[in-house]
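# Survey of secondary and tertiary structure
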Amino acid sequence: MVMTARTPADILAALDPEQRQAAQAVSGPVCILAGAGTGKTRTITARAAYAVATGAVAPGALLAVTFTARAAGEMRTRLRALGVSGVQARTFHAAALKQLTYFWPRVIGGAPPRLVDNTFGLVANAASRARLRPGTSEIRDLLSELEWAASTLVGPEDYPQAAASAGRLGPYDAAVVAQVYGAYVDLKRSQDLADWSDLLLLTAGALEDHAGVAEEFRARYRSFVVDEYQDVTPLQQRLLDAWLGGRADLCVVGDPHQTIYSFTGATPSYLLGFARRFPDATHVRLVRDYRSTPQVVTLANNVITKASSPHARLQLLAQQPPGPEPAFREHLDEPAEADAVALRCGELIDAGTPASEIAVLYRINAQSTAYEQALTNAGVPYLVRGGTRFFDRTEVREAILLLRGAARAVDGDAPAALPELVADVLRSGLSWSQAPPAGAGAVRERWESLAALHRLAGDLASAAPEAGLRELVVELEERSAAQHAPSVDGVTLASLHAAKGLEWDAVFLVGLVDGTLPLVHADTPAAVEEERRLLYVGVTRARTYLSLSWATSRSPGGRGSRRPSRFLDGLHAAAGQPAAGSARSPGAGRRSRSGPVPCRICGTVLTAAVDRKLGRCAGCPVDRDEALFEALRAWRAERAKALRQPAFCVFTDATLIAIAEQRPGSVAELVAIPGIGTAKLERFGDEVLALVGAGDTVQNSPD
Ligand code: ATP
Ligand code: MG
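Every value quoted in this text rests on a predicted model; they were computed, and no experiment measured them. (Residues numbered from 1 in each chain as written. Chains lettered and ligands numbered in written order. Predicted model: local features only at pLDDT ≥ 70, side-chain atom pairs only at ≥ 80, totals over all residues. Heavy atoms only, no water.)

## Details of the sheet that holds strand β2 (residues 62-66)
Rules: When DSSP locates at least two bridges between a pair of strands, those strands are taken to pair. Only DSSP runs of H or I reaching four residues or more are called helices, and only runs of E reaching two or more are called strands; each is numbered from the N terminus. Inter-axis angles, ranging from 0 to 180 degrees, are taken between N-to-C directions of lines fitted to C-alpha atoms, where helices are fitted over the stretch in contact. Should any heavy atoms of two residues lie within 4.5 Å, those residues are considered in contact.
The strand order across the open sheet formed by 6 strands is β3-β2-β6-β7-β1-β8, and the pairing between neighbours is parallel. Edge strands, defined here as strands with exactly one partner in the open sheet, are β3 (88-91) and β8 (282-286). When the angles between neighbouring strand axes are averaged without regard to direction, this sheet yields 15°. Where strand β1 (residues 30-34) and β8 come together, 5 bridges link them in parallel fashion. By the bridge assignment for β8, leucine 33 is matched with arginine 285. On top of the sheet, helix α2 (residues 17-24) reaches β1 and β8; it is set at about 150° to β8, its chief contact. In the packing of helix α12 (residues 234-244) onto the sheet, the strands contacted are β2, β6 (223-226) and β7 (250-254), and the crossing angle to β6 comes to about 160°.

Here it is as structure tokens:
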């Protein structure tokens, strides 16, 4: 990929005066304490680029740590765009793994302990050694307790007291949990295993106890940056201190209002105590929110002002032009809520918002199923975040093996373009086809993974037209080492926790009922406050469209006894919406076409999103013009190719089917089809009407 290094002046020009001050303080200590969307991540990326461009720090001497592999990948991409390569951007875990693998053979000898990624079985084993017979949920709770203890540097003997002072409520009496913890530690030791926490501790230990290791490490790494510092654990801080070894070249950025990992042992106290630890630090406050519309920013400020101890100086000042008011929607049941969200996603996509710029965010992962189903029914592509890591998925590993084999087999000039070659390999080796499967769940996920690899080949081919399978395999290996999953062109389904640091044009916060947000288990005031911050994180992910919704019953025909989240109290009025409880709108999101939609064949009122889009019941007999449908598909493929967008960005399958069935003869009939908004009408209306053979055109239609 061609990189053009930016000059220091170019780099600074993209920042505001406060951001620039932080970027120019290249030798730390620097602390940026600022609210969501104010450009913290942008600033530290620019600071790294500026430090390299001015020669203040060599790229290889800079280590940037962030919270998730996706955030680290994002930082690498942004650095690349600024013309910088060689700066390491990793998670604490990935950085520790790399360092330990390097130092262990020289310090201790042999291979480091084997890393256990999933410790569920090990904890179950430890519990049975402590004569317990826990069920799955007790094992999960034990696992959380053990992780919390390790993250807060608490050993088995100290667990009962530490758990009592932290108000932890484990699945068993603290003395019993301590026993399981002791058995767990023994098991790992006897089998020479390490979990992720051990990995951090062993790396810190290697630096603390071995002068040679410390010396070599410190000669190599001189400058450290930590994003999302409000959620650092004592264990991560210990590793960071070992990296620093008394030096002060550290830049941290964070937002105490976005502390959402306290339950795992993370704490904002290091961020808030930075000035005490480094009295000569440069402090920067950012208040201008560059991400969201004033409407979203007002709501975010209102959510956090109600916190028990809000930081008044972190109030956000909107910089973007105005947009739509956030929508508050109440639904009768969860499937209706999911259908309405899926319908709205389809409308946004039809109106020109890329699917990858839309997110549906929920409190717990179990909530995703209803949305996977509804989006599948509506023909909207999606991806679920937080499942198995991309490069650990079986189908991805198989595909990489096949591609590697194919790369070896191709000699000299490849017979076809890279994306076609990749499609062939995936088709013949893994029975993959370019058309998505109809169902949801595992089949769909497998297809999405392979589609992502195919798309990556397309991206690589457009960035470097001469790239072949070999270059693709190298790119995949680099990404795999960094756990840098390819971005997928679909609506993101993610938990609020996983959405941290990210942003989308449109965000749907769903399932906002009391008991889910705050979660029913949040039984202390501190736990409830953390749940409120989760809502703040959710709200501040949206650039333009924000929808907050809930259902009064779980299933159709339920008692309707659920209440909207208490955090929404008083916010509807503030956002110019009806009060909670009065906004019943089962067909939410259909601005100009609200109200019941009857089936055009049998007249029954339609409830499912996909049925409403088609304008008929799924089971009603139809008279589809197959030739027109094929002509529309061919036209869409051509348009999508010219626009370099996936086909569904032009029109979804459901919209094409609706056009082929309803054969609109006028502009009015065309816009009556759900999914055809003003933008789509202007761009494609005439072409579609011409294909249908209508006399009307968008140009000569009355306003
Ligand atoms: P969070 O707290 O959610 O992690 P953040 O403070 O890290 O947010 P960024 O993600 O860095 O914020 O920035 C938010 C958005 O605003 C990004 O799209 C970024 O490119 C844009 N942005 C930040 N600073 C500026 C600026 N000075 N001019 C224009 N756009 C900016
Ligand atoms: Mg950020």
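## Considerations on the packing of α2 against helix α3 (residues 40-53)
To keep things clear, this is the line we draw: Comment on the angle field: the value is read as roughly parallel under 35 degrees, roughly antiparallel over 145, roughly perpendicular from 65 to 115, and oblique elsewhere. For a crossing to be left-handed, the near helix must be turned anticlockwise from the far one by less than a right angle; the clockwise case is right-handed. Lys, Arg, Asp and Glu make up the charged group, whereas Ala, Val, Leu, Ile, Met, Phe, Trp, Tyr, Cys and Pro make up the nonpolar group; the residues left over, Gly among them, are polar.
Running from amino to carboxyl end, α2 crosses α3 at an angle of 45°, the nearest separation of the two axes being 8 Å. Considering their axes alone, α2 and α3 lie oblique with respect to each other. Seen from above, α2 lies across α3 with right-handed handedness. Residues Gln19, Ala22, Ala23 and Gln24 of α2 form the contact with α3, whose participating residues are Thr43, Arg47 and Tyr50. Of the residues contributing to the contact of α2 with α3, the split by class is 3 nonpolar, 3 polar and 1 charged.

## Brief notes about the nonpolar core
For clarity, the cut-off: What makes a nonpolar core is a set of buried Ala, Val, Leu, Ile, Met, Phe, Trp, Tyr and Cys residues whose side-chain atoms join them at distances within 4.5 Å. Note on exposure labels: buried denotes an accessible area under 20% of the residue type's maximum, exposed denotes more than 50%, and partly exposed covers the range between, all computed with a 1.4 Å probe on protein chains only. Domain delimitation follows an automatic or database domain assignment.
Core analysis: the largest hydrophobic core is formed by 39 residues, its most contacted members being Leu361, Leu509, Leu535, Val539, Leu546 and Leu548. Elements that contribute at least two residues to this core include exactly α15 (294-305), β12 (358-362), β15 (504-509), α22 (525-539) and β16 (542-553). Three or more residues apiece are contributed to this core by two domains, here domain 1 (8-99 + 200-286) and domain 3 (318-387 + 490-574). The contacts of leucine 548, once residues within four sequence positions are left out, are Leu299, Pro326, Ala327, Phe328, Arg329, Leu509, Leu512, Leu535, Val539 and Leu568. Core analysis: the next-biggest nonpolar cluster, separate from the first, contains 35 residues, Val65, Leu235, Leu239 and Ala242 among them.

## Some thoughts on the site of ligand 1
Under the convention used in this document: The rule for a residue being near a molecule or strand is that one of its heavy atoms must lie within 4 Å of it. Definition of a polar contact: a pair of N or O atoms within 3.5 Å, with one able to donate and the other able to accept a hydrogen when the atoms are protein atoms, and with sequence-neighbouring residues admitted only if both atoms are side-chain atoms. The Shrake-Rupley method, run with a 1.4 Å probe sphere, supplies the accessible areas, and residue values consider only the shown protein chains as cover.
Lining the immediate environment of ligand 1, one finds 19 residues, of which Lys40, Arg42, Arg291, Glu503 and Arg541 sit closest. Within the side chain of glutamine 19, one N or O atom sits 2.9 Å away from a nitrogen atom of ligand 1. Side-chain polar atom of glutamine 258 to an oxygen atom of ligand 1: 2.8 Å apart, as the coordinates give it. Compared with its free state, where it exposes 640 Å², ligand 1 has 85% of that area covered by protein. For the shell around ligand 1, the element with the most residues is α3, which contributes 3 residues. Per-class residue counts for the shell around ligand 1 are 3 nonpolar, 8 polar and 8 charged. Split by domain, the residues of the shell around ligand 1 number at least three in each of domain 1 (8-99 + 200-286) and domain 3 (318-387 + 490-574).

## Re the sheet that holds strand β14 (residues 491-495)
Ordered by their spatial adjacency, 6 strands build an open sheet running β11-β16-β15-β12-β14-β13, and the pairing between neighbours is parallel. Two strands lie at the open edges of the sheet, namely β11 (327-333) and β13 (382-384), each paired on one side alone. Each strand axis lies, on average, 25° off the axis of its neighbour in the sheet, ignoring direction. Sheet contacts for α15: β11 and β16; angle to β16, the most-contacted strand, approximately 55°.

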